[in-house]
Amino acid sequence: MKQPFKNILFYGTDTLSTAVLSKVHQHGYTVSAVTKHTKSPVYQYCQKHGLPVETFRKSVLPFGKSSAAFCEHLGVVASFGHMIPSKVIRSTSLGFVNIHPSLIPKYHGAAPLPHTLLNGDKKYGVTVLEALPRSFDTGRILHQTQFNIPTSLSGTEFWDHTANNMAEVTCQFLQNPAQTAPRIQDKNMSSPAPRLSKQQMKSLSRVCPQVQTADQIFNISRCLDLYDISVVVCWQAKALKLMSLSPVTDPHVIELARTRLKTGQFVFWDGILAVKCAEDTVLGVSRMVLPFKPVISADQFYRNNCSSGVEKVFRMVYTPSYGDSLKTQTYR
């Protein structure tokens, strides 16, 4: 790809897609978009800004056009969720590129961001690669940029951070597509990032300070935050949701936990619950919510629920009927 592009045939659905679409549109490219349904953020953006848009149909070319209509278009797909039909890829003489939020071939697949957070990675990337017929994330790498992951970001904040970077990288590539030579993916470095099932998310949410480190629980909480799910522990026979988590690095708190607490026990310290976890690590919890109660701060929780005779320890929710039990424990 050696020439700049003016006409874009865009495929996308969610807010990652919309960030890319918005940036491309603002840079003056002529865009026609295809999305999964009329309630998607991409569809809403196109309606608001008067861009041609239609919903995805596998068996026909977009907008009822012939293949000749897209001979001067570049296809761009970002977080679309469907394989682009071969006839559509062949209709664009300039080809199709996929904007993928990982350092391909690492985390190829439908859910790179959850796996990035779950594994506690310190860096991630945005890759522009060839979109090939009948395959996902297997084309040559055309452009790739690496970014640091700020530990201060929640899962949803990391999502927005990634969306902005995807948009910037896309426009950098469109303005100078020949800045790097295409390279074939190293299959030995490949790692899949499949979509997490509801059962997997439920299992991940049941954390256990007695066997998991503070970093592991923190990583799980950031991953599940992408799905608006909180981690859960058992406290006083109740499923307690823990929110706004972060590993504690204060050496005084760590020494206190190491010498005076058993794993799972917690103390109130400087506005947080400091929970001793596996390997003498400490997790800070700023907010939580009990069944039938609103979200409260660590200070409120400790003052209202932790009198001197109350056992101050979190355990894992062990009951096999955990999923069903939460249905009867209403959270605001």
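Everything quoted here is computed from the prediction, not taken from an experiment.

Conventions and cut-offs
- Each chain has its residues counted from 1, running along the sequence as written.
- It should be noted that, the model being predicted, local features are given only for residues of pLDDT at least 70 and side-chain atom pairs only at 80 or more, the latter also being counted only at that level, while totals for whole chains, interfaces and linings use all residues.
- As a rule here, side-chain values cover all heavy atoms of the structure and leave hydrogens and water aside.
- Here the rule is simple: two strands pair whenever DSSP picks up at least two bridges between them.
- Strands here mean DSSP runs of E at least two residues long; helices mean DSSP runs of H or I at least four residues long; both are numbered from the N terminus.
- Axes here refer to lines fitted to C-alpha atoms; in helices the fit is confined to the stretch in contact. Angles between the N-to-C directions go from 0 to 180 degrees.
- We call two residues contacting when some pair of their heavy atoms lies within 4.5 Å.
- A pairing counts as a salt bridge when a side-chain nitrogen of Lys or Arg comes within 4 Å of a carboxyl oxygen of Asp or Glu.
- Buried means the residue's accessible area, taken with a 1.4 Å probe over protein chains only, is under 20% of the maximum for its type, while exposed means over 50%, and partly exposed covers the values in between.
- For this analysis, a nonpolar core means a set of buried residues of the types Ala, Val, Leu, Ile, Met, Phe, Trp, Tyr and Cys, connected via side-chain atoms within 4.5 Å.
- By convention, a stacked pair of Phe, Tyr or Trp rings (six-membered ring in the case of Trp) has centres within 6.5 Å and planes under 30 degrees apart, an edge-to-face pair has planes over 60 apart, and any other such pair is tilted.

J.: Tell me about the sheet that holds strand β1 (residues 7–12), and please be specific about residues and values.
T.: The strand order across the open sheet built from seven strands is β3-β2-β1-β4-β5-β7-β8, with neighbouring strands paired in mixed fashion. Because the sheet does not close on itself, it has two edges, and the strands there are β3 (53–55) and β8 (141–148). Strand-to-strand, the axes of this sheet are offset by a mean angle of 20°, without reference to chain direction. Inspection of the sheet shows β1 paired to strand β2 (residues 30–35) by five bridges, in the parallel sense. Within β2, the position partnered with Tyr-11 by the bridge is Val-34. The strands touched by helix α2 (residues 41–49) within the sheet are β1, β2 and β3, with β2 carrying the most contacts at an inclination of about 140°.

J.: Give a description of the pairing of strand β11 (residues 238–247) that names residues and reports values.
T.: Of the pairings in the sheet, the one linking strand β10 (residues 231–235) to β11 comprises five bridges and is antiparallel in character. Its bridge partner being in β11, Val-233 is matched across the sheet by Leu-240. The hairpin turn running from β10 into β11, its antiparallel successor, is two residues long, and Gln-236 in that turn takes a positive phi close to 55°.

J.: If you had to explain the pattern of salt bridges to someone new, which residues and values would you point to?
T.: Tallied over the entire structure, the rule returns eight salt bridges. Between Arg-57 and Glu-54 there is a salt bridge; the shortest N-O distance is 3.6 Å. Of the charged contacts, one joins Asp-280 and Lys-276 as a salt bridge, the two residues approaching to 3.4 Å between their closest N and O atoms. Its relative accessible area of 36% is what places Asp-280 among the partly exposed residues. Take Lys-276: its relative accessible area is 7%, and that puts it in the buried class.

J.: Outline the nonpolar core, listing residues and values.
T.: The biggest cluster of nonpolar side chains holds 67 residues, and the ones touching the most others in it are Ile-8, Phe-10, Phe-301 and Phe-314. In this view, Phe-314 contacts Pro-209, Gln-210, Val-233, Cys-234, Trp-235, Leu-240, Leu-242, Gly-264, Phe-266, Leu-273, Val-275 and Phe-301; residues no more than four positions away in its chain are not counted. Ranked by size, the runner-up nonpolar core spans 13 residues in total, among them Tyr-11, Leu-61, Phe-70 and Ala-131.

J.: Describe in detail the side chain of Ser-32, supporting the description with residues and values.
T.: Checked against the element boundaries, Ser-32 lands in strand β2. Those residues in contact with Ser-32 that sit more than four places away from it in its chain are Ile-8, Leu-9, Phe-10, Pro-52 and Phe-63.

J.: Which residues make up the packing of aromatic side chains, and what are the values?
T.: By the definition in use, this model includes 10 aromatic pairs. Geometrically, the ring pair formed by Tyr-124 and Phe-147 is tilted, given 5.7 Å between the ring centres and 35° between the ring planes. With Tyr-124 in strand β7 (residues 123–130) and Phe-147 in strand β8, the pair connects residues that are 23 residues apart, well separated along the chain. Note on Tyr-124: relative accessible area 2%, which makes it buried. Plain terms: the ring middles of Tyr-124 and Phe-158 are 5.0 Å apart, the flat faces sit at 75° to each other, and that makes the pair edge-to-face. With Tyr-124 in strand β7 and Phe-158 in helix α5 (residues 155–175), this residue pair connects regions lying 34 residues apart in the sequence. Joined through ring pairs, the aromatic side chains of Tyr-11, Phe-56, Phe-80 and Phe-96 make up one cluster.

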